[in-house]
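Residue-level listing of the chains:
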Amino acid sequence: MKTIRYTSVLALAGAVAAISCSKMDEIVPEGGTMLESQLQETTNAIPARGDASFSGMFTKLGDPLSFGRFTSDRPDDFGFIMMDFSNDLEGPDIVTSDNDYNWFSTCMEYSSRNADYANPYIRYRGCYDEIGRANDLIKMYGEINDEMPADIKYKVAQAYAIRAFSYLHLAPYYQFNYQLAADKPCVPIVTTADVDFTQNPRASVKEVYDLIVADLTHAIENLEGYVRPDKAKIDQQVAYGLRARAYLDMGLWTEAAEDAAKAAEGYTPAGRSDLVHPAFMDINEPNWIWGYDMTPAVAQTFPSATSSSWIRSFSANSYSAGTQTYSCINNLLYDKIPDSDVRKGWWVNEELYSPLLEGLSWPWQNADGSKGVFVGQQIATEEYDDKLVFLPYTNVKFGCLTPGTVTNEEDWPFMRVEEMILIQAEALYKSGKQAEGKAMLQDFVKSYRDSEYVVDATGRAFEDEVWFQRRVELWGEGFSNNDCRRLNKPIVRFHKGQPSNYPDNFQINLAADDGWLLLRFCTPELNTNFKVVDNTDGSAPVPGQNGDLRDGVTD
């Protein structure tokens with residue numbers, strides 16, 4: 001697949017329809033396509049359009065082939081779930097195989113800085129597509145006012161939250177963190193205001209975060225009283241949680257802690273007894289605050305372009321099991337998890353054992369008619385036509401509703417209460433309330449993850465301890481790389497002279513200030529927005545480089 005995943009603008013006929021060289025001048029590189037008057041007239045004439053646009057805004061967050069930019073099916077095109085996966089793969093904690101079936105090798109080897117590759121194009125254009133959908137919805141109904149019906153007001157408020165969510169997927173990856181680079185160029189801003197897309201320069205990091213906070217504040221104010229029909233929609237608590245993330249990025253510790261506490265109200269973490277089997281697959285899990293509700297119909301659009309195909313290890317219709325491209329934990333991080341911590345079972349060990357496999361069964365059948373059932377630990381150690389043997393440290397954290405499924409309808413968590421608790425612990429400590437922050441962390445881990453846990457770290461050690469807990473708890477959910485950026489931490493995947501489960505080509509360590517960490521702008525944007533000045537610092541990393549780097553957690 002390595003020859004397929006490269007999308008060159010010089011050979012677009014069989015790759016990216018939306019950026020055909022012959023139509024380069026027709027591209028709208030950022031969100032927003034219709035005039036406000038056109039949208040409002042259309043909405044007034046066809047009220048169902050507003051409902052469809054609102055639903056579509058959420059469906060596209062994880063829809064296989066969600067951006068529809070390519071002339072052929074791409075297994076690496078599944079919305080914001082794919083973006084989170086890609087961002088994590090560029091971090092230090094997820095290991096995938098170096099084989100011809102890994103469509104995400106671009107992230108693992110950091111060739112994703114090529115402006116002509118599909119992966120960075122999807123991650124950039126996808127965010128602006130969603131920003132465009134949010135802007136269109138706001139234009140349809142107009143600015144929120146006192147005469148607006150409540151149901152319309154709630155839809156518009158959620159559009160503001162979605163716009164902020166999209167910018168939160170852009171800002172940390174195009175510039176260094178807020179504390180170091182607030183005045184540095186980040187990404188272009190597109191709102192409902194008129195903008196010349198050919199002359200729209202990169203806004204500063206501060207300007208982007210000011211917009212994020214303003215949008216979420218607007219959403220919070222106007223979602224008061226809203227009772228959502230399901231957890232796939234955004235209510236006031238979700239908006240508080242998103243603003244807590246923004247404040248954490250900005251170093252506004254008191255505000256981050258307060259918002260995270262509001263987001264967490266009424267939710268309880270999954271306990272040790274809830275985690276004796278693979279989970280993180282059902283939006284109705286009580287610790288989820290917000291998630292993507294994957295339906296069989298949506299998943300079957302292209303089952304290979306789903307979290308079940310790439311991040312989970314239990315689907316018989318997947319790249320992970322079918323090609324042994326499992327998502328594994330870095331052994332450096334795994335070795336730091338105490339045996340008393342229930343989360344150590346989220347991955348099989350070097351001998352392919354995890355207690356989470358006990359009691360599970362995987363029915364199988366080969367093309368020759370032979371069939372049977374893998375039970376318990378056999379799921380890791382046995383193989384058949386549609387599933388290969390697990391690799392050491394393969395994750396079993398993310399389950400499938402039925403092992404051996406082919407429907408790939410598993411849901412995805414965008415926000416869990418555990419994240420909000422960890423934000424509170426870090427932000428309280430950094431705001432000067434060290435005792436409260438330490439108590440928050442210890443109560444969570446001791447009560448829900450490791451009964452033997454004790455916090456005895458102070459100062460920088462405590463900050464690294466919270467980071468360690470985030471790396472373990474939120475593994476695979478899209479936070480790893482952003483955490484490295486906001487904490488100004490290096491990417492440390494391996495230690496020179498020590499065993500590593502990273503393939504040789506992916507054994508890459510990067511210093512915290514390495515310019516190669518910043519994504520480049522895709523060619524269509526550079527060719528149509530003449531005010532964008534690209535990121536150019538750094539150089540392509542070499543496997544085995546910086547083996548002496550340490551991060552304070554995996555040392």
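Details of the structure are given in the entry above.
This text gives an overview of the structure that appears in the document. (Residues numbered from 1 in each chain as written. Predicted model: local features only at pLDDT ≥ 70, side-chain atom pairs only at ≥ 80, totals over all residues. Heavy atoms only, no water.)

1. Things to note about the overall build of the protein chain
- For the protein chain, the count of helices and strands is 21 helices and six strands.
- By the compact-globule yardstick of 24 Å for 555 residues, the protein chain fits well, its C-alpha radius of gyration being 23 Å.
- Counting only C-alpha atoms and orienting by the principal axes, one finds that the protein chain spans roughly 65 × 60 × 45 Å.
- For the protein chain, the proportion of its 555 residues judged to be buried stands at 62%.
- Sequence-distant contacts, at least 24 apart, represent 71% of the contacts inside the protein chain between residues at least 6 apart.
- For the protein chain, the centre of its 49 positive side-chain charges and the centre of its 81 negative side-chain charges are spaced 2 Å apart. (Helix = DSSP H or I, 4+ residues; strand = E, 2+ residues; numbered from the N terminus. Rg over C-alpha atoms; globule rule 2.2 N^0.38 Å. Buried < 20%, exposed > 50% of the residue type's maximum accessible area, 1.4 Å probe, protein only. Contact = heavy atoms within 4.5 Å. Lys, Arg positive; Asp, Glu negative; His and termini not counted. Charge placed at Lys NZ, Arg CZ, Asp CG, Glu CD.)

2. Thoughts on the pairing of strand S6 (residues 412-416)
- Counting buried positions along S6 gives five out of five residues, so the element sits mostly inside the fold.
- As paired elements, strand S2 (residues 288-292) and S6 share four bridges and run antiparallel to each other. Each residue of the ladder has a partner; that of Trp290, found in S6, is Met415. (Pairing = 2+ DSSP bridges.)

3. Concerning the packing of aromatic side chains
- Scanning all chains against the criterion turns up 32 aromatic pairs.
- On the numbers, 6.2 Å between centres and 80° between planes, the contact of Phe314 with Phe390 is edge-to-face. Highlighted residues: Phe314 in the loop between helix H13 (307-310) and helix H14 (319-323) and Phe390 in the loop between helix H16 (378-381) and S6, separated in sequence by 76 residues. The same class applies to Phe314 as to Phe390, namely buried.
- A connected cluster of aromatic rings, assembled from ring pairs, spans Phe314, Tyr326, Trp362, Trp364, Phe374, Tyr384 and Phe390.
- Here the basic side chain of Lys233 rests over the ring of Phe58, its NZ or CZ set 5.6 Å away from the ring centre.
- Its end group placed over the ring of Trp467, Arg471 keeps NZ or CZ at 4.4 Å from the ring centre. (Phe/Tyr/Trp six-rings, centres within 6.5 Å; stacked < 30°, edge-to-face > 60°. Lys NZ or Arg CZ within 6 Å of the ring centre and 35° of its normal.)

4. Considering helix H3 (residues 79-89)
- The element H3 is largely enclosed, with a buried count of 11 among its 11 residues.
- Listed in full, the buried residues belonging to H3 are Gly79, Phe80, Ile81, Met82, Met83, Asp84, Phe85, Ser86, Asn87, Asp88 and Leu89.

5. Some thoughts on the nonpolar core
- Residues Tyr167 and Trp290 are the most contacted members of the largest nonpolar core, which totals 168 residues.
- It is helix H6 (residues 150-168) that provides the largest number of residues to this core, a total of 12 residues. (Core = buried A, V, L, I, M, F, W, Y, C linked by side-chain atoms within 4.5 Å.)

6. A short note on empty space enclosed by the protein
- If you walk through the whole model with that rule in mind, you get seven cavities of 30 Å³ or more.
- Approximately 230 Å³ is the volume found for the largest cavity.
- Lining the largest cavity are 19 residues, and of these Leu168, Arg245, Gly478, Phe479 and Asn482 sit closest to its centre.
- At the level of secondary structure, the elements contributing two or more residues to the lining of the largest cavity comprise H6, helix H10 (236-250), S6, helix H17 (417-430) and helix H20 (480-486). (1 Å grid on protein atoms, 1.4 Å probe; cavity = no way out; pocket = protein on both sides within 12 Å on 5 of 7 lines; lining within 4 Å. Points joined across faces, edges and corners; volume = space filled by probe spheres on them.)

7. Concerning the packing of H10 against H17
- Taken N-terminus to C-terminus, the directions of H10 and H17 make an angle of 35°; their axes are 11 Å apart at the nearest point. Crossing hand, H10 versus H17: left-handed. Here Gly241, Ala244, Arg245 and Leu248 of H10 lie close against H17, whose contacting residues are Glu419, Met420, Ile423 and Glu426. (Axes fitted to C-alpha atoms, helices over the stretch in contact; angles between N-to-C directions. Left-handed = near helix turned anticlockwise from the far one by under 90°.)

Function cannot be read off these values alone, since they describe shape.
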